[in-house]
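Letter by letter, the chains look like this.
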Amino acid sequence: MTATPAPGEGALARGLAGVVAGKTAICSLDGDLRYRGFSIEPLARAADFEDVAFLLLHGELPTAAEHRRFVDQIRDAAATLDPTVIEALAILAAREPGASPMDALRTGVSMLGLLSRDDTPGPHDTLVAAAERLLGQVPAMLAAWLDLTAGRPVAPWPNGPLATALLERLTGRTPAPAAITAFGATLVLYAEHEFNASTFAARTVVSTGSDMHSGVVAAIGALKGPLHGGANEKVLEVLGAIGGPERAAAWLEEQFAARRVVMGFGHRVYKDGDVRAKLLADLCRTLVHGTPAEGLEGLAARVEQIMLERKGLRPNLDWPAARVYHALGLPVKVFTPIFVVARMSGWTAHIIEQIGDNRLIRPLSLYSGPAPRTYRPLASR
Ligand code: COA
């Protein structure tokens, strides 16, 4: 039996930092962030979620007719969420009303996989169709979970593009145009980000020949963690814990002394700042201008200043996203699930890309356990 020789210490890249683990045609991060070649700035300012999700899944921007059809398709998938899933979520909500909506989504996607008999990678068109259904099913599950845990009947899914419909379902109000613009921009900015941890988890799962829903379940689990998508919920806790700009320096020094990371800062890839954070911070300032939520901007600016001076760290996308969601009146527990809704487009595009040109993802490890030793049977121990 021959095996690949064990790697030496020099081969070790902790956390896979700096490792190029595969090729992708979906997204690039070299200097500018681009989705399929298009710079993120015009997309964040002018595209809606359907424009971007279509681009990620199909490789090209939709025509006006394709865009209309895509909006309807996502809306129909949301409006016709399998009642069995709603019934199962209702049982779980009655038993654990305080459970995380992330756990509800992870469980719900797993149920959708079972109900659709998703047991094979399948042909390209089938995969795209399944991805398109998930784009509507998942936001509908999120809204249903909120209704069920609040003891309300599940409301119908509204007409219109995803950003408008989801915002209406999450707030219970018809959203204002400025709210839709800011919320839609967060969906566009959260939609895709190359080989991040959740996307890589999804690609790893389907690289074994497993199905799309299993890949998405793994991705939701990975996104939940506070070093990844969970950070946007923690950011609001940070702002609340500091309380005001005059307390920022003391609070941050405490975190540094305890070697705790400050949520919403730093990034594995962007070391000179996250282009998405800059774009969304601008939109956030416009959204909150003249509203009570404007109060958080001064505190955020002070924290940014200290983080840069003391640590050389700049904000990532979760830093302004939390303030936008707060300004829109959304409860903190839906911040990361909204990230799931948006990133579903990127995850499924990557799953389809991985399946289309697959090689099993299986890295090596550097052994650090006991030296070789001899087994003694139970009776002689
Ligand atoms: N607050 C305080 N210190 C931080 C920090 C933060 N948010 N992010 C990184 N650092 C520190 C690290 O602890 C490390 O310090 P050390 O050299 O004394 O050990 C140094 O900066 C370099 O960190 P780096 O290796 O570049 O971080 P990473 O690539 O391993 O981790 C993150 C990247 C995103 C996990 C990390 O920045 C982090 O935990 N950020 C907060 C969570 C967050 O906002 N996540 C969302 C990411 S989009």
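Predicted model only: the values in this text are computed from it and were never measured.

Conventions we followed
Residues numbered from 1 in each chain as written. Predicted model: local features only at pLDDT ≥ 70, side-chain atom pairs only at ≥ 80, totals over all residues. Heavy atoms only, no water. Helix = DSSP H or I, 4+ residues; strand = E, 2+ residues; numbered from the N terminus. Rg over C-alpha atoms; globule rule 2.2 N^0.38 Å. Buried < 20%, exposed > 50% of the residue type's maximum accessible area, 1.4 Å probe, protein only. Contact = heavy atoms within 4.5 Å. Areas by Shrake-Rupley, 256 points an atom, 1.4 Å probe, with all protein chains shown as cover. Lys, Arg positive; Asp, Glu negative; His and termini not counted. Charge placed at Lys NZ, Arg CZ, Asp CG, Glu CD. Near = heavy atom within 4 Å. Polar contact = N/O pair within 3.5 Å; in protein donor to acceptor, adjacent residues only side chain to side chain. Nonpolar A, V, L, I, M, F, W, Y, C, P; charged D, E, K, R; others polar. Core = buried A, V, L, I, M, F, W, Y, C linked by side-chain atoms within 4.5 Å. Phe/Tyr/Trp six-rings, centres within 6.5 Å; stacked < 30°, edge-to-face > 60°. Lys NZ or Arg CZ within 6 Å of the ring centre and 35° of its normal. Salt bridge = Lys/Arg side-chain N within 4 Å of Asp/Glu carboxyl O. Pairing = 2+ DSSP bridges. Axes fitted to C-alpha atoms, helices over the stretch in contact; angles between N-to-C directions. Parallel < 35°, antiparallel > 145°, perpendicular 65-115°, else oblique. Left-handed = near helix turned anticlockwise from the far one by under 90°. Arc of directions from axis to C-beta.

Asker: Tell me what's going on with the overall build of the chain, and back it up with residues and numbers.
Answerer: Check the secondary structure of the chain and you find 16 helices and three strands. The C-alpha atoms of the chain give a radius of gyration of 22 Å, which matches the 21 Å a tight globule of 381 residues would have. For the chain, the proportion of its 381 residues judged to be buried stands at 47%. Sequence-distant contacts, at least 24 apart, represent 76% of the contacts inside the chain between residues at least 6 apart. Here the chain displays about 18,700 Å² of accessible surface, and carbon together with sulfur accounts for 55% of that area. Separation between the mean location of the 38 positive side-chain charges and that of the 39 negative ones in the chain comes to 8 Å.

Asker: Tell me what's going on with the site of the ligand, and back it up with residues and numbers.
Answerer: Inspection of the region around the ligand gives 18 residues, with Val 262, Gly 264, Phe 265, Arg 268 and Lys 271 positioned closest. Contacts to the ligand include Leu 227, whose backbone N or O atom sits 3.0 Å from a nitrogen atom. Burial of the ligand by the surrounding chains reaches 64%, relative to a free accessible area of 860 Å². Classifying every residue of the shell around the ligand gives nine nonpolar, five polar and four charged.

Asker: Describe the nonpolar core, naming the residues involved and giving the relevant values.
Answerer: The nonpolar side chains of a soluble globular protein tend to be buried, and buried together. Counting residues in hydrophobic clusters, the biggest one holds 114 residues, and the most contacted among them are Tyr 35, Phe 183, Tyr 325 and Leu 330. When residues in this core are grouped by element, the largest group, 14 residues, is from helix 6 (residues 124-149). In contact with Leu 330, other than residues within four places in its own chain, are Leu 167, Leu 170, Thr 171, Phe 183, Tyr 325, Phe 335 and Ile 338.

Asker: Hey, could you go over the packing of aromatic side chains for me, with residue numbers and the actual values?
Answerer: Evaluation of the coordinates by the stated rule reveals six aromatic pairs. When the centroid spacing of 5.3 Å and the interplanar angle of 90 degrees are considered together, the rings of Phe 54 and Phe 70 count as edge-to-face. In this pair, Phe 54 sits in helix 2 (residues 49-58) while Phe 70 sits in helix 3 (residues 64-79), placing the two residues 16 residues apart along the sequence. On the basis of relative accessible area, Phe 54 is assigned to the buried category, the value being 9%. Taking the relative accessible area as the measure of exposure, Phe 70 reaches 1% and is therefore buried. In textbook terms, an aromatic cluster arises when at least three aromatic residues are bridged by ring pairs, as seen for Phe 183, Tyr 325 and Phe 335. Taking the ring centre of Phe 256 as reference, the NZ or CZ of Lys 311 above it sits at 4.9 Å.

Asker: Give me the lowdown on the pattern of salt bridges, citing residues and values where you can.
Answerer: All chains considered together, the criterion is met by 15 salt bridges. Note that Arg 106 and Asp 103 form a salt bridge whose closest N and O atoms lie 3.0 Å from each other. A residue pair is termed a helical-turn pair when its members lie 3 or 4 positions apart in one helix, as Arg 106 and Asp 103 do in helix 5 (residues 101-115) at three residues. Judged by relative accessible area, which is 28%, Arg 106 ranks as partly exposed. We note a salt bridge from Arg 169 to Asp 147, for which the minimum N-O separation is 2.7 Å. A residue pair is termed long-range when its members are at least 10 positions apart, and Arg 169 in helix 7 (residues 162-171) and Asp 147 in helix 6 qualify at 22 residues. Each of the salt bridges in this network shares a partner with another, and the network as a whole consists of Glu 41, Arg 45, Asp 282 and Arg 285.

Asker: Explain the side chain of Arg 323 residue by residue, including any values.
Answerer: Checked against the element boundaries, Arg 323 lands in helix 15 (residues 318-327). At 2.8 Å, the side chain of Arg 323 forms a polar contact with the side chain of Glu 297. When near neighbours in sequence (up to four residues on either side) are disregarded, Arg 323 contacts Leu 239, Cys 284, Leu 296, Glu 297, Ala 300 and Glu 304.

Asker: Quick one: what's the story with the sheet that holds strand 3 (residues 38-39), residue by residue and with numbers?
Answerer: With respect to topology, three strands assemble into an open sheet ordered 1-2-3, the strand pairing being antiparallel. Strands at the two margins of the open sheet, each flanked by one partner only, are strand 1 (27-28) and strand 3.

Asker: Outline helix 9 (residues 197-207), supporting the account with residue identities and numerical values.
Answerer: Listed in full, the buried residues belonging to helix 9 are Ser 198, Thr 199, Phe 200, Ala 202, Arg 203, Val 206 and Ser 207. Those residues of helix 9 that are buried are in contact with helix 10 (212-223) and helix 16 (335-356). A positive phi of about 95 degrees marks Gly 209, the residue just after helix 9.

Asker: Account for the packing of helix 2 against helix 16, with residues named and values stated.
Answerer: It is at 8 Å that the axes of helix 2 and helix 16 come closest, and there the two elements cross at 15 degrees. In terms of orientation, helix 2 and helix 16 fall into the roughly parallel class. Of the two possible hands of crossing, helix 2 and helix 16 adopt the one that is right-handed. Contact residues: Phe 49, Ala 53, Leu 56 and Leu 57 in helix 2; Val 341, Ala 342, Ser 345, Gly 346, Thr 348, Ala 349 and Ile 352 in helix 16. Residues belonging to the contact of helix 2 with helix 16 are distributed by class as follows: eight nonpolar, three polar and no charged.

Asker: A description of the environment of Arg 34 should follow, citing residues and the corresponding values.
Answerer: Along the polypeptide, Arg 34 turns up in strand 2 (residues 34-35). Once residues within four sequence positions are removed from consideration, Arg 34 is found in contact with Ile 26, Cys 27, Ser 28 and Ser 39. A polar atom in the side chain of Arg 34 sits 2.9 Å from the backbone oxygen of Gly 37.

Asker: Go over helix 12 (residues 248-257) with me, naming the residues and quoting the values.
Answerer: The periodicity of an α-helix, 3.6 residues per turn, causes residues three or four positions apart to be oriented the same way. Within helix 12, the full set of buried residues consists of Ala 248, Trp 251, Leu 252, Gln 255 and Phe 256. The buried side chains of helix 12 occupy one side of the element, clustering within an arc of 140 degrees when seen end-on. What points out from helix 12, more than 90 degrees from its buried face, is the exposed set Ala 250 and Ala 257. Looking at the buried residues of helix 12, the elements they touch are helix 11 (231-242) and helix 14 (295-311). Just downstream of helix 12, Arg 259 is the residue with a positive phi angle, here 55 degrees.

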